[in-house]
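Remarks on the overall topology
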Amino acid sequence: MADRSEDTYMRQAIELARQPLSAPHPNPRVGCVIVADGQVVAEGLHQEAGTDHAEVAALKAERDFRGGTMYVTLEPCATHGRTPPCSTRILSSGISRVVIASPDPNPVNGGLGIKQLREAGIQTEVGLLAADARAINRGFFSRYERGRPWVTAKIAATLDGRVATAKGESQWITGEAARSDVQLLRAQASAVLTGVGTVLADDPRLNCRVDGILRQPLRVIVDSHLRTPETAALFTVEGDILFATGKKVESESLQKSEGQTRIVSFESADGRVDCRKLFDYLSELEMNDVLVEAGPTLVGELLHAELVDEMVIYLAPAILGDSAKAMVVTPVIKRLVDRYRGEIANVRLVGNDIRIQFMLH
């Protein structure tokens, strides 16, 4: 069993990894703590792709690391990507022991960093608080282990599970605090996805309006027949846009907005967008986490296709009645055993609204 102080140091590294407002996509969140003579002497975190990894950031502290122990949330890289390999820097640092929470799921690097450290005589241990470390990079692990991003569906509804009036009015069901919390979800996402129905009804920008973010998420519009008007607010703000269509297209790249706009076909037998193919494509684009902010029909389709990993539901203290639009639209469920099941991971108040994190099984 690990010493309590060992857990403390790794938890400190995990909290460091959580710090950046936006994740360093496509890279994982990583934190690092170096301990010598029973004291934390250096710490580091990975802020943005192309900048120092957490281990290198920690090792830049001006001190003697000989005999020290490094606690790091993910296996140090041993290959040269946007930056030089971290394992080489560790080998020359004087560190005598490295404690790693989780191996790297990337097959190019996975196991290689651990092997290099051990072959160089550095005591290397793996697995301390592995589940906690994986949780902060669930999209990164999902992309390598399942071939698709981690998908979160966000819903704002009334206490009776209604997202809009019968005529479609929905702005605003929840309060300002809940809407600000959604901006944090966008900041942490690689991509934000919605359907053309939401674009036509609400004309959203779907950008992240939080000070200090380093990148805007890719905005993905599921638009089977390319009905999005050129006057849409999407085109008025900075950031790339991907239109997913169900029909063949001649051009995949347009310059209609403040970023690059691409149109890609994901054909299916019924002419609608094949969302499974779409998520495969987003994985190829190195999108780790996708936030779905769509209407009840698209959310229901994704839920039925088992493409939703969790739902973040904001419940406002209001009731709209049975004539209002339901939270999700799915095929008829005739047997209770066929219900969509999961578990409540977290419940808290956000302003005057209830925020529920629901993990799907």
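Structure report, in brief. Keep in mind the model is a prediction, meaning the values are calculated, not measured.

With six of six residues buried, strand S4 (residues 97-102) lies mostly within the body of the structure. Sheet topology note: the strand S3 (residues 69-74)/S4 ladder contains five bridges and is parallel. By the bridge assignment, Thr-69 is partnered in S4 with Arg-97. With helix H3 (residues 86-91) bridging S3 and the parallel S4, this β-α-β connection has right-handed handedness. Both S4 and strand S5 (residues 123-126) contribute to a ladder of four bridges, which runs parallel. Residue pairing in the sheet places Val-99 in a bridge with Glu-125 of S5. Running through helix H4 (residues 112-119), the crossover from S4 to the neighbouring parallel element S5 is right-handed.

So, on to the packing of aromatic side chains. Under the counting rule described, the total for this entry stands at five aromatic pairs. Ring geometry for Phe-140 against Phe-141: centres 6.2 Å apart, planes inclined by 90 degrees, an arrangement best described as edge-to-face. Looking at Phe-140, the relative accessible area reads 6%, which means it is buried. With a centroid separation of 5.2 Å and an interplanar angle of 70 degrees, the aromatic rings of Phe-140 and Tyr-144 are classed as edge-to-face. Separated by four residues within a single helix, Phe-140 and Tyr-144 lie in helix H6 (residues 138-145), roughly one turn from each other.

To continue, consider the sheet that holds S3. If you trace the five strands from one edge of the open sheet to the other, you get S2-S1-S3-S4-S5, paired in mixed fashion. Strand pairing shows two members of the sheet lacking a second neighbour, strand S2 (39-45) and S5, which therefore form its edges. Direction aside, neighbouring strands of the sheet carry axes that sit 15 degrees apart on average. One ladder, built from four bridges, connects strand S1 (residues 31-36) with S3; its direction is antiparallel. Looking at S3, one finds that Val-33 is bridged to Tyr-71. Against the sheet, H4 engages S4 and S5, with an angle of about 150 degrees to S5.

Okay, the pattern of salt bridges next. Within the structure shown, the criterion is met by 16 salt bridges. Counted as one network, the salt bridges with shared partners bring together Glu-6, Arg-97 and Glu-125.

Note the cis peptide between His-25 and Pro-26, where omega equals 5 degrees. Cis peptide bonds are those with omega within 30 degrees of zero, and the linkage from Gln-171 to Trp-172 qualifies with 0 degrees. Despite not being glycine, Asp-37 shows a phi value in the positive range, around 55 degrees. Topologically, Asp-37 is positioned in the loop between S1 and S2.

Reading the values: rules and limits
Residues numbered from 1 in each chain as written. Predicted model: local features only at pLDDT ≥ 70, side-chain atom pairs only at ≥ 80, totals over all residues. Heavy atoms only, no water. Buried < 20%, exposed > 50% of the residue type's maximum accessible area, 1.4 Å probe, protein only. Helix = DSSP H or I, 4+ residues; strand = E, 2+ residues; numbered from the N terminus. Pairing = 2+ DSSP bridges. Right-handed = clockwise from strand over helix to strand, strands pointing away. Phe/Tyr/Trp six-rings, centres within 6.5 Å; stacked < 30°, edge-to-face > 60°. Axes fitted to C-alpha atoms, helices over the stretch in contact; angles between N-to-C directions. Contact = heavy atoms within 4.5 Å. Salt bridge = Lys/Arg side-chain N within 4 Å of Asp/Glu carboxyl O.

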